[in-house]
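Results of the structural survey
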Amino acid sequence: MANFEGESCSKCGKAFQPNDSIVVCPDCGAPYHRECIKEMKECVYHAQHGTDQAYKPKAERDKEQFEKELNSQYTYVHPDDLERAVRTMQNARDTGEDTVIEARIVTRSGDTKILMMTFSYVDAKDSWDEIPSFYSVGIDVTREREEQARQRQALEDAYQAARVASSAKTNFLSSMSHDIRTPMNAIMGMTAIAQMNLDSPEKVHDCLKKIGVSSRHLLSLINEVLDMSKIESGKVDLSPEDVDLSELMQNVADMCRPLISEKNHEFQISAGRVQHEKVVADGDRLQQVLMNLVSNAVKYTPEGGTISLRINEFSSPLPGKAQYEFVLTDNGIGIAEEFLPHIFE
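To start, this report covers the structure provided alongside it. Remember, it's a predicted structure, so these values are computed and weren't measured experimentally.

Overview of the overall build of the protein chain
A tally of regular secondary structure across the protein chain gives eight helices and ten strands. Per-residue burial over the protein chain gives 28% buried out of 345 residues. Expressed as a percentage of contacts within the protein chain between residues at least 6 apart in sequence, the contacts between residues at least 24 apart total 55%.

Some words on the sheet that holds strand E4 (residues 112-122)
Pairing is antiparallel in the open sheet, where three strands are placed in the order E3-E4-E5. Every interior strand has two partners, whereas the edge strands, strand E3 (99-106) and strand E5 (133-140), have only one. On average, each strand axis in the sheet is inclined to that of its neighbour by 35°, with strand direction left out of account. Taken together, the eight bridges between E3 and E4 define a ladder with antiparallel strand orientation.

Things to note about the packing of aromatic side chains
Taken as a whole and judged by the stated rule, the model has one aromatic pair. Aromatic side chains tyrosine 121 and phenylalanine 134 sit 5.0 Å apart centroid to centroid with 55° between the ring planes, which places their arrangement in the tilted category. Note that tyrosine 121 is positioned in strand E4 and phenylalanine 134 in strand E5, a separation of 13 residues in sequence.

Considering the environment of glutamate 325
By the element assignment, glutamate 325 lies in strand E10 (residues 322-330). Separated by 14 residues in the primary sequence, glutamate 325 and isoleucine 311 place their C-alpha atoms 5.6 Å from one another. The contact partners of glutamate 325, leaving out residues within four places of it in the chain, are Arg310, Ile311, Asn312 and Phe314.

Concerning the pattern of salt bridges
Tallied over the full model, the rule gives eleven salt bridges. Between arginine 145 and glutamate 102 there is a salt bridge, and its shortest N-O distance comes to 2.7 Å. Pair noted here: arginine 145 is in helix H4 (residues 142-196) and glutamate 102 is in strand E3, with a separation of 43 residues, a long-range link. Residues lysine 210 and aspartate 206 are paired through a salt bridge, measuring 3.1 Å at the closest nitrogen-oxygen approach. Taken together, the residues span about one helical turn, with lysine 210 and aspartate 206 both in helix H5 (residues 201-226) at a distance of four residues. You can call lysine 210 buried: its relative accessible area is 19%.

Some words on the pairing of E10
In this sheet, E10 lies alongside strand E9 (residues 306-315) in antiparallel orientation, the contact comprising nine bridges. Opposite isoleucine 311, over in E10, you have phenylalanine 326 as the bridge partner. The turn joining E9 and E10, which pair antiparallel and follow one another in sequence, is formed by six residues; a positive phi near 75° is taken by glycine 320.

A short note on the sheet that holds strand E7 (residues 266-272)
With mixed pairing, three strands are arranged side by side in an open sheet as E7-E9-E10. For this open sheet the edge positions go to E7 and E10, each flanked by a neighbour on one side alone. Strand-to-strand twist in this sheet, taken as the mean axis angle between neighbours without regard to direction, amounts to 15°. The pairing of E7 with E9 spans seven bridges and is classified as parallel. If you follow glutamate 266 over to E9, its bridge partner there is threonine 306. Sitting on the sheet, helix H7 (residues 245-262) is in contact with E7, E9 and E10, with an inclination near 170° to E7. Across the face of the sheet, helix H8 (residues 283-300) comes into contact with E7, E9 and E10 while running at roughly 15° to E10.

A few points about the nonpolar core
Ranked by internal contacts, the top residues of the largest apolar core, which has 23 residues, are Val252, Phe267, Leu290 and Val294. At the level of elements, H7, H8 and E9 are the ones that each hand at least two residues to this core. Residue contributions to this core peak at nine residues, all from H7. Val77, Ala92, Met117 and Phe119 belong to the second largest nonpolar core, which has nine residues in total.

Calculation rules
- Residues numbered from 1 in each chain as written.
- Predicted model: local features only at pLDDT ≥ 70, side-chain atom pairs only at ≥ 80, totals over all residues.
- Heavy atoms only, no water.
- Helix = DSSP H or I, 4+ residues; strand = E, 2+ residues; numbered from the N terminus.
- Buried < 20%, exposed > 50% of the residue type's maximum accessible area, 1.4 Å probe, protein only.
- Contact = heavy atoms within 4.5 Å.
- Pairing = 2+ DSSP bridges.
- Axes fitted to C-alpha atoms, helices over the stretch in contact; angles between N-to-C directions.
- Phe/Tyr/Trp six-rings, centres within 6.5 Å; stacked < 30°, edge-to-face > 60°.
- Salt bridge = Lys/Arg side-chain N within 4 Å of Asp/Glu carboxyl O.
- Core = buried A, V, L, I, M, F, W, Y, C linked by side-chain atoms within 4.5 Å.

Below is the structure:
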């Protein structure tokens with residue numbers, strides 16, 4: 001009451017007493033007895049306020065603002081958060097304690113903001129206008145949450161990249177272990193043949209030549225294993241070079257010969273309508289693919305079976321280019337029909 005000592009009510013003119021309940025006009029700051037505000041039906045400002053504008057109690061002004069600016073709807077609360085916000089407010093009313101919620105609101109401009117809101121409920125007996133009310137304070141945490149979302153996405157991206165790299169390493173090394181066996185077997189086989197024919201220079205020379213081919217192929221595979229960047233990326237780089245298809249096919253046959261001989265397979269290579277034997281391609285990759293096909297055919301064809309590899313050339317709509325088809329056939333166990341749709345996965 002010290003602040004209003006010597007002052008009087010702007011309605012009735014009576015001086016304020018120490019125990020009076022006083023309400024201050026939020027528009028002009030004029031003090032009133034609480035009882036006078038209840039009796040003010042037309043609520044007109046006094047001449048000393050310097051205006052004829054009608055004074056309206058806060059509850060009435062809030063109602064008008066709510067109807068005019070918000071169309072009598074709580075549309076500023078994001079639709080997905082509205083039910084949760086209502087439950088939080090009801091909890092504040094039921095418990096009498098402040099409640100906190102993080103929710104989104106939609107501004108007049110249409111932007112979505114994230115607020116950390118604290119709700120307080122005041123019942124009629126404690127409210128200055130004797131109207132039960134909710135009071136709230138919101139702190140804008142939009143930037144903090146956006147930064148946290150960005151960091152979470154960065155961590156997720158890093159995790160996915162690490163997972164892809166790990167999977168690529170596993171798949172790469174698994175396939176390499178298979179690819180390395182074929183040239184290794186060829187080197188060991190040709191070495192054994194050369195040792196058994198030391199008195200035949202031509203035979204030894206032929207074995208050494210095939211050992212050289214297998215060694216170079218093995219070296220290219222080892223280089224890929226050592227190049228961890230390729231493994232982690234899960235990508236394959238192509239290195240175009242001049243390739244002699246007839247020589248490449250013979251190299252494949254020479255490197256797979258020990259495996260073929262071990263199972264007594266009949267192996268044939270043929271060419272159909274091949275007009276250009278010298279091409280530009282990634283010879284190492286092409287040789288690797290053909291060797292995988294032949295070695296799989298040897299592995300899954302019973303002893304004494306038949307395997308054939310045929311190359312065909314077709315015209316291309318692009319000038320200076322051609323299309324080549326490599327066809328491998330065998331009389332092995334084959335592939336189950338239901339597995340065919342997954343063969344390239």
